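Residue-level structure breakdown
As a plain string of letters, each chain reads:
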Amino acid sequence: MACLNKSPLYNSNKNDYYTQKKYWENIKHLIPKDKIIFESFLLNSNSKSIDYLNELGFNVVGNNKLNFLTDSLPEFDIIISNPPFETKIKKQILQKLVEIDKPFIIVINIMNIFTKYYREIFKDKFKDLQIIKPNGKIKFEEYNNQTEELQNCNEPAFYNCYLAYKMNIPNNELWLK
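Predicted model only: the values in this text are computed from it and were never measured.

1. Topic: the overall build of the protein
- From N to C terminus, the protein includes four helices and nine strands.
- Relative to its 177 residues, the protein shows a buried fraction of 48%.
- Contacts in the protein between residues at least 24 apart in sequence constitute 71% of all its contacts with a sequence separation of at least 6.

Here it is, written out as structure tokens:
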């Protein structure tokens, strides 16, 4: 997830957590291979998601200089990413995702689906949403400033899921093994 540190909402004292490769591997069978993927939430981050998705055989665009909320977006077919968990930024991102109206799969805290803002943002789009349930908690990596490398984090205190939009995933595929 991007730290979006050009945003006034960014707190540089917080850690930024990035999706481990194995959690992209868990959903690779749900992502069409013939589409251009936009890894969209990398602004000023040290995420290796583009590398991970490329290693899994996908055609991926994106970079850590692009601000999803304000910059022109590249040509793409699907967004696969882990947006920031900061609620104010996340609301803006979800709203823009609805406006763009292209398929996506994002990592999101499962509790978000119970919020008022979630219902307000997706309104009549619920028919296009699917929740992909991982087997256990999705764990993250964080950037270690001393070693300048990514390292695995401790298990998070919260559960995440993959939120899919306009992906038309068969119901029997929504519970990951």
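Now that the structure has been shown, the text picks up again.
2. Observations regarding the side chain of lysine 96
- Mapping lysine 96 onto the fold places it in helix α3 (residues 87-100).
- When residues no more than four places from it in sequence are discounted, the contact partners of lysine 96 are Phe68, Leu69, Thr70, Asp71 and Leu73.

3. Comments concerning the confidence of the model for the protein
- Model confidence for the protein is summarised by a mean pLDDT of 85, while 84% of its residues fall at 70 or above.
- For the protein, per-element mean pLDDT is lowest for strand β8 (residues 149-152), which scores 65, and highest for strand β2 (residues 36-38), which scores 97.

4. Describing the nonpolar core
- Ranked by size, the top nonpolar core spans 26 residues in total, and within it Trp24, Ile27, Ile80, Ile105, Ile132 and Tyr162 carry the most contacts.
- Elements with a minimum of two residues in this core: α1 (21-25), α2 (49-55), β4 (78-81), β5 (104-109) and β9 (160-165).
- Ranked by the residues each element gives to this core, the list is headed by α2, at three residues.
- If we ignore the near neighbours within four places in the chain, the residues touching tryptophan 24 are Thr19, Glu39, Ser49, Tyr52, Leu53, Leu56, Ile80, Ser81, Asn82, Val107 and Tyr162.

5. A word on α3
- Taking 1.5 Å of rise per residue, the 14 residues of α3 would be expected to cover 20 Å, and the 20 Å separating its terminal C-alpha atoms lies within 8% of that figure.
- Along α3, the positions that sit buried rather than exposed are Ile89, Lys90, Ile93, Leu94, Lys96, Leu97 and Val98.
- Check the buried side of α3 and you find it contacts β4, β5 and α4 (116-122).
- Downstream of α3 by one or two residues, aspartate 101 has phi in the positive range, about 60°.

6. So, the pattern of salt bridges
- Under the criterion given, the structure shown has five salt bridges.
- Among the salt bridges present, the one from lysine 21 reaches glutamate 55, with a minimum N-O distance of 2.6 Å. Of this pair, lysine 21 sits in helix α1 while glutamate 55 is found in helix α2, placing the two residues 34 residues apart along the sequence.
- Given a relative accessible area of 52%, glutamate 55 falls into the exposed group.
- Across the salt bridge formed by aspartate 101 and lysine 125, the nearest N and O atoms sit 3.7 Å from each other. You can see aspartate 101 sitting in the loop between α3 and β5 and its partner lysine 125 sitting in the loop between α4 and β6 (129-132), a full 24 residues away along the chain.
- Members of the salt-bridge network, linked through shared partners, are Asp101, Lys125 and Lys166.

7. Remarks on the sheet that holds β5
- Pairing is mixed in the open sheet, where six strands are placed in the order β3-β2-β4-β5-β9-β6. Of all the strands in the sheet, just β3 (59-61) and β6 have a single pairing partner and so form its edges. Taken pair by pair, the neighbouring strands of this sheet meet at an average axis angle of 35°, ignoring direction.
- Across two bridges, β2 lies against β4 in parallel orientation. Residue phenylalanine 38 lies in a different strand from β4, and its bridge partner there is isoleucine 79.
- Each of β4 and β5 touches α3; the most contacted strand, β5, lies at about 160° to it.

Cut-off values and rules
Residues numbered from 1 in each chain as written. Predicted model: local features only at pLDDT ≥ 70, side-chain atom pairs only at ≥ 80, totals over all residues. Heavy atoms only, no water. Helix = DSSP H or I, 4+ residues; strand = E, 2+ residues; numbered from the N terminus. Buried < 20%, exposed > 50% of the residue type's maximum accessible area, 1.4 Å probe, protein only. Contact = heavy atoms within 4.5 Å. pLDDT = per-residue confidence, 0-100. Core = buried A, V, L, I, M, F, W, Y, C linked by side-chain atoms within 4.5 Å. Expected span 1.5 Å × (residues − 1). Salt bridge = Lys/Arg side-chain N within 4 Å of Asp/Glu carboxyl O. Pairing = 2+ DSSP bridges. Axes fitted to C-alpha atoms, helices over the stretch in contact; angles between N-to-C directions.

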